[in-house]
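Each chain is listed here by its residues.
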Amino acid sequence: MCSSDLMSQITASSLQRVAACPASVTLPQISESSAHTSRGIYIHAFLDACVKIGRDAALVECTERWPDMGPAFEMIDLSTLPAGSPDKWLTEVALAIDCTTGAVREIAEFDEQHRYALNANEIGGTADVIGLTEDGVVIYDYKTGHGEVPPPAQNLQLKFLAYAAARAYGRSKATVGIIRVRESDEHYIQQVQLDEFDLAAVGAELAKIMAQVEVVPPAMSMGTWCRRSEEHTSELQ
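Residues numbered from 1 in each chain as written. Predicted model: local features only at pLDDT ≥ 70, side-chain atom pairs only at ≥ 80, totals over all residues. Heavy atoms only, no water.

The next point concerns the packing of helix H3 (residues 35-53) against helix H4 (residues 55-65). Where H3 contacts H4, the two axes come as close as 7 Å, and the packing angle between them is 140°. With respect to each other, H3 and H4 are oriented oblique. Where H3 crosses over H4, the handedness of that crossing is right-handed. Contacts from Ala45, Phe46, Ala49, Cys50 and Ile53 in H3 reach Arg55, Ala57, Ala58, Leu59, Glu61 and Cys62 in H4. Along the lines of polarity and charge, the residues of the contact of H3 with H4 split into nine nonpolar, no polar and two charged. (Axes fitted to C-alpha atoms, helices over the stretch in contact; angles between N-to-C directions. Helix = DSSP H or I, 4+ residues; strand = E, 2+ residues; numbered from the N terminus. Parallel < 35°, antiparallel > 145°, perpendicular 65-115°, else oblique. Left-handed = near helix turned anticlockwise from the far one by under 90°. Contact = heavy atoms within 4.5 Å. Nonpolar A, V, L, I, M, F, W, Y, C, P; charged D, E, K, R; others polar.)

As structure tokens, then:
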């Protein structure tokens, strides 16, 4: 079992890196911020608000917060997005998996910075949108940039969320997808179906990743994630 210090460094969004380079969990990570990153955060917030309070109110609220983004918000076509059907979707759903017991829960408690608290052996992640069908869950992750993202079938963040949501809501199947949100063009959607056997395989995959982190010393490999850890890059040279 991973120590609580190591567990606290692992999230659903970091699983792709951790699987490729378990040693990265032990090294300090450098936060990156840019105008593109901020723009993506604002668009996520707008789409979230569209579901919760409706498009018109979301335009007013979000434009007041980020005036320069008003034209971009106006241009986003909601007709093919979950945000265009607010009665069918849950947004910003936080889920946790206990890596010791396998228990799954939806996280409902947040602090004043909207950060959720995890137990010592839990990994958490947040889904942009979740929809429920009779026997399945539907999960989409919004992307606003052009950066490379693993496709849904190989995307560990989405697979983690699919496994957690299916367990939390008592469903046996999942659809997971990536929506590339375009401000003045047609949105691009990639998705894949996961049946109960695929979801069981995800559980086994997560257990394997945790086992790799526990190895002392954990394996280290070079990749795009190294730009976020100066110590990591220097050790590999």
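More follows now that the structure is in view.
This paragraph deals with the confidence of the model for the protein. A residue-level look at the protein finds 84% of positions with pLDDT of 70 or above and a mean pLDDT of 85. Between residues 231-237, whose pLDDT stays under 50, and residues either more than four places distant or in other chains, the model counts 16 contacts. (pLDDT = per-residue confidence, 0-100.)

Taken in spatial order, the six strands make up an open sheet running S2-S1-S3-S4-S5-S6, and their pairing is mixed. The sheet is open, and its two edges are formed by strand S2 (104-106) and strand S6 (188-194), each paired on a single side. Strand-to-strand, the axes of this sheet are offset by a mean angle of 35°, without reference to chain direction. By the bridge criterion, eight bridges tie strand S1 (residues 90-98) to strand S3 (residues 122-132) in an arrangement that is antiparallel. The partner of Ala94 across the bridge, within S3, is Thr126. Here H3 sits on the sheet and contacts S1, S3 and strand S4 (136-143); the angle it forms with S1, its principal contact strand, is near 105°. In the packing of helix H7 (residues 196-214) onto the sheet, the strands contacted are S1, S3, strand S5 (173-180) and S6, and the crossing angle to S6 comes to about 95°. (Pairing = 2+ DSSP bridges.)

As a further point, take the nonpolar core. By size, the foremost hydrophobic cluster in this structure holds 33 residues, and its most contacted members are Leu15, Ile130, Ile139 and Phe160. At the level of elements, helix H2 (15-20), S1, S3, S4, helix H6 (156-168), S5 and H7 are the ones that each hand at least two residues to this core. When sequence neighbours within four positions are dropped, the list of residues in contact with Ile130 reads Lys88, Trp89, Leu90, Val93, Leu95, Val138, Ile139, Ala165 and Tyr169. Of all hydrophobic cores here, the second largest spans 24 residues; its members include Ala49, Leu81, Ala83 and Val181. (Core = buried A, V, L, I, M, F, W, Y, C linked by side-chain atoms within 4.5 Å. Buried < 20%, exposed > 50% of the residue type's maximum accessible area, 1.4 Å probe, protein only.)

On to the pattern of salt bridges. In this structure the tally under the stated criterion is six salt bridges. The partner of Asp48 in a salt bridge is Lys52, with the nearest N and O atoms 3.2 Å apart. Placement of both Asp48 and Lys52 in helix H3 is noted, with a separation of four residues, approximately one turn of the helix. On the accessibility criterion, Asp48 (16% relative accessible area) is buried. Assessed through its relative accessible area of 54%, Lys52 is described here as exposed. (Salt bridge = Lys/Arg side-chain N within 4 Å of Asp/Glu carboxyl O.)

Taking 1.5 Å of rise per residue, 13 residues should cover 18 Å, and H6 covers 18 Å from first to last C-alpha, within 8% of that figure. Of all 13 residues that make up H6, 11 are buried, and the element is covered over most of its length. Listed in full, the buried residues belonging to H6 are Leu156, Gln157, Leu158, Lys159, Phe160, Leu161, Ala162, Tyr163, Ala164, Ala165 and Ala166. You can read the cap of H6 off the contacts: a side-chain oxygen lies 3.2 Å from the backbone nitrogen of Gln157, and it is on Asn155. Gly170, located one to two residues past H6, shows a positive phi value of around 65°. (Expected span 1.5 Å × (residues − 1). Polar contact = N/O pair within 3.5 Å; in protein donor to acceptor, adjacent residues only side chain to side chain.)

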